[in-house]
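# Residue-level structure breakdown
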Amino acid sequence: MSRLITRRSVIAAGAAAGTLTTLPISMVRLAFGGTREDFSFTYISDSHIQQIKGASFVRNWDMGLKRAVAEANLILPEADFVMFGGDLAQLGKKDELDHGAEMLSHLKGKLHCVMGEHDYYLDLGEYWSKLYGPHWYSFDHKGVHFVVLNSIITTDEWTFHRWPTAEQRMLEMAGLDNPNGSPFMVGEKQRAWLKDDLDKVSKDTPLIVFSHSPLQKIYKGWNFWTDDAEQVQALLQPFKTVSVIYGHVHQIQYNQIGNISFNAVMATAWPWPYPDTYAQAGAHVPVLTVPMNRADPFFERDATGWQMIDVNSGRVTARYQLWDNQERVVGYDPKLGKPVDKRYQEAIVRKAPQLHY
Amino acid sequence: MRRYAIALVLGAVLLSPATRADEFTAADVDRWQGEFDSVAKKGRELWTSGAVGTNGVACAQCHPNAANTHPETYPKFQKQLGKVAQLFEMVNWCIRNPLQGTALAADDPKMTAFVAYIYKERKGVPIDAGKH
């Protein structure tokens, strides 16, 4: 069985005369058919690097990204590549993107990036593109087709004609609960590209799609939402094995809609409340989701973290590395046909801090 | 006589409709609600601006719509403080730590504005002091 060595286990081993304690790399391991092989990648997201002034940045958010990068580099066996899920910067500034990119540059292995709204709305992704390339693209790896979408664009009217300055546009979109914001979308042009891209791929090929916002509708008031989610889902449904992995929500979420499995990833910066705890609004947090623990405000890194993603038989198993909590493992259960938490799925085994109100 | 006169004048003042303690009009209610709303609005501005901190971080970054603040559970025991604490003490904890600012007095108008905004967003949730 493959073994996963984590930073925590390395630290634990320090006291045990160099004997490395190990953790099983996945609870459910299925043999790949054909020529595909099992592999894993790491997923770091939502670092929100925030400039105070000059070379001074918010220490708290810096620490989250630095810690994720350091830990991801210690994983053995090494992951095949690294994904960054968007919102590297807080206000899209060149200084913030540069500072974040400097930290990401320490990562071992190939890095693929997803665009977040905090990276985008100052210069519409121009500087981000100089660092990380096109806003949407696809690639193949060991028999799996990967698609990266820019799901955080919105209407031309809001983007080009509503705000007197680019700085104000960025600030208006940066406020999660700001009623002056605008719903995210993938948009017609990108959907046409996606259709063309997927037409070239066999429906038997496992498909993994990365977006920043959820490609499902959870709560519009905080843009836990993509306005054309149904149209994007319709393009993905014909594939037998489809997973969508998204950032933006800073919390554990998972769901199954038809053939599509959904997993959200944690932020390295700060956690967000589950939207159904906002007393003045309705929300559609997937009923399947066993929430992450309620954040303890006295621990700066609590309810933040990063992920190891195993891709076994083309299915996603997300191993949430939670710095002040026990790891969570959410993976697809082929018998049930949906993702489940490997330990806490049944209501009777859930812990008190998983109850949010 | 003089004492009677004073009593009568006082009685007239007390009985006049405008000053009866147990009488108020819809207009009064509107005005009082307006006063509250304007303070809560000020609280929302402070909540989203980061003006009480020094590093640009705003309360709303972690608490959109003041969610996950649980005002209905205060006062409650906070093990890290080692005592039963009030809501304003937790607001100050956040001002000092994530916002790297200076704590406000309990009756500072800015603190009143914060607390007013937090409660406004939590309207309708039953009081449950002490709940963790």
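Each residue is numbered by its place in its chain's sequence as written, counting from 1. As a convention, the first chain written is A and the first ligand written is 1, with the rest following in written order. With pLDDT at 70 or above as the cut-off, local features in this predicted model cover only qualifying residues; side-chain atom pairs require 80 or more to be listed or tallied, and sums for whole chains, interfaces and linings still use all residues.

### Remarks on the overall build of chain B
Under the scheme used here, helices are H or I runs from DSSP no shorter than 4 residues and strands are E runs no shorter than 2 residues, and both carry numbers assigned from the N terminus. Check the secondary structure of chain B and you find 5 helices and 2 strands. The N-to-C order of helical and strand elements in chain B reads α-α-α-β-β-α-α. Exposed residues have 12 or fewer other C-beta atoms within 10 Å of their own C-beta, buried residues have 20 or more, and residues in between are partly exposed; the C-beta atoms are placed from the backbone. Among the 132 residues that make up chain B, the fraction classed as buried is 29%. Contact between two residues is assigned whenever their backbone-derived C-beta positions fall within 7 Å. For chain B, restricting intrachain contacts to residue pairs at least 6 apart in sequence, the fraction spanning at least 24 positions comes to 63%.

### Brief notes about the overall build of chain A
A tally of regular secondary structure across chain A gives 9 helices and 17 strands. Per-residue burial for chain A yields a buried fraction of 48% across its 357 residues. Across chain A, every contact between residues at least 6 apart in sequence was considered, and the portion connecting residues at least 24 apart equals 69%.

### Regarding the sheet that holds strand β13 (residues 260–264) of chain A
Hydrogen bonds between backbone atoms are what pair the strands of a sheet, whose relative direction is either parallel or antiparallel. Residue and element names in this part refer to chain A. In this scheme, strands are said to pair when DSSP sees at least two bridges between them. In spatial order, the strands read β8-β9-β10-β11-β13-β12; together these 6 strands make up an open sheet with mixed pairing. Across the chains shown, the open sheet's two edge strands, defined by having one partner strand only, are β8 (137–141) and β12 (254–257). Averaged over all pairs of adjacent strands, the angle between strand axes in this sheet comes to 20 degrees, irrespective of strand direction. Lines are fitted to the C-alpha atoms to define the axes, a helix being fitted only along its stretch in contact, and any angle between axes, read from their N-to-C directions, falls within 0 to 180 degrees.

### Considerations on the packing of helix α2 (residues 26–49) of chain B against helix α5 (residues 109–121) of chain B
Relative placement of two packed helices is described by the angle separating their axes and the distance separating the axes. Residues and elements named next belong to chain B. One way to put it is that α2 packs onto α5 with a least axis distance of 7 Å and a crossing angle of 100 degrees. Relative to α5, the element α2 lies roughly perpendicular. Note on element contacts: α5 touches α2 through K110, T112, A113, F114, A116, Y117 and K120, opposite F36, V39, A40, K42, G43, R44, L46 and W47. When an angle is under 35 degrees it counts as roughly parallel; over 145 it counts as roughly antiparallel; between 65 and 115 it counts as roughly perpendicular; any other value is oblique.

### Notes on the packing of helix α2 (residues 59–74) of chain A against helix α3 (residues 94–104) of chain A
All names here are of chain A. Where α2 meets α3, the axes come as close as 9 Å, and the angle between the chain directions of the two elements is 25 degrees. Considered as vectors, α2 and α3 are oriented roughly parallel to each other. Of the two elements, α2 crosses α3, and the hand of that crossing is right-handed. Contact residues: L65, K66 and V69 in α2; G100, M103 and L104 in α3. Of the residues in the contact of α2 with α3, the class split is 4 nonpolar, 1 polar and 1 charged. Crossing handedness is read from the near helix: turned anticlockwise from the far helix by less than a right angle, it gives a left-handed crossing, and turned clockwise, a right-handed one. Three classes are used, and their members are as follows: Ala, Val, Leu, Ile, Met, Phe, Trp, Tyr, Cys and Pro are nonpolar, Asp, Glu, Lys and Arg are charged, and the others, Gly among them, are polar.

### Focus: the interface of chain A and chain B
Contact residues are listed per partner, giving 17 residues for chain A and 20 residues for chain B. Taken together, the residues that form the side of chain A that touches chain B break down as 11 nonpolar, 5 polar and 1 charged.

### Concerning the nonpolar core
The term nonpolar core refers to a group of buried residues, namely Ala, Val, Leu, Ile, Met, Phe, Trp, Tyr and Cys, whose C-beta atoms join them within 7 Å. Y43(A), F84(A), V209(A), I245(A), F114(B) and Y117(B) are the most contacted members of the largest nonpolar core, which has 115 residues in total. Ranked by residue count, the leading element in this core is α5(B), at 7 residues. Setting aside residues no more than four positions away along its own chain, F114(B) makes contact with G43(B), L46(B), W47(B) and V91(B).

### As for the sheet that holds strand β15 (residues 315–322) of chain A
Residues and elements named next belong to chain A. If you trace the 7 strands from one edge of the open sheet to the other, you get β7-β6-β3-β14-β15-β16-β17, paired in mixed fashion. Each edge of the open sheet carries a strand with a single partner, namely β7 (110–113) and β17 (338–341). When strand polarity is set aside, the average angle formed by the axes of neighbouring strands in this sheet is 25 degrees.

### Digging into the confidence of the model for chain A
The predictor's confidence in any single residue is recorded as pLDDT, a number from 0 to 100. On average, residues of chain A score 91 in pLDDT, and 90% of them reach the 70 mark or higher. Taken as a whole, residues 7–34 of chain A scores under 50 in pLDDT and shows 40 contacts with residues more than four places along the chain or in a different chain.

### Details of the environment of T289(A)
All names here are of chain A. Structurally, T289 is set in the loop between β13 and β14 (305–312). Spatially, the C-alpha atoms of T289 and E37 are 29 Å apart, while their sequence positions differ by 252 residues. Leave out the neighbours within four places in its chain, and T289 touches I252, Q253, Y254 and N255.

### Some points on the pairing of β15(A)
Residues and elements named next belong to chain A. The buried count for β15 comes to 8 of 8 residues, which makes it a mostly enclosed element. Alternating positions in β15 separate into two faces, R315, T317, R319 and Q321 on one and V316, A318, Y320 and L322 on the other, with burial throughout. Bridge count for β14 against β15 is 8 bridges, and the pairing is antiparallel. Each bridged residue has a counterpart across the sheet, and for I309 the counterpart in β15 is A318. The loop that links β14 with its antiparallel partner β15 comprises 2 residues; one of these, S313, has a positive phi angle of about 50 degrees.

### Details of the confidence of the model for chain B
Residues of chain B with pLDDT of at least 70 account for 86%, and the chain-wide mean is 90. The ipTM value of the predicted complex is 0.89, and its pTM value is 0.89.

### Notes on the environment of L236(A)
Residues and elements named next belong to chain A. Of note, L236 is situated in helix α9 (residues 229–236). Sequence separation between L236 and I49 is 187 residues, and the spatial gap between their C-alpha atoms is 33 Å. Non-local contacts of L236, meaning those with residues more than four positions away in its chain, are made with L207, V209, V242 and I260.

### Quick look at the pairing of β8(A)
All names here are of chain A. Relative to strand β9 (residues 144–148), β8 is paired through 5 bridges, and the arrangement is antiparallel. Looking at β9, one finds that F139 is bridged to F146. Hairpin connection between β8 and β9: a loop of 2 residues separates the two successive antiparallel strands, and K142 in this loop has a positive phi of roughly 45 degrees.

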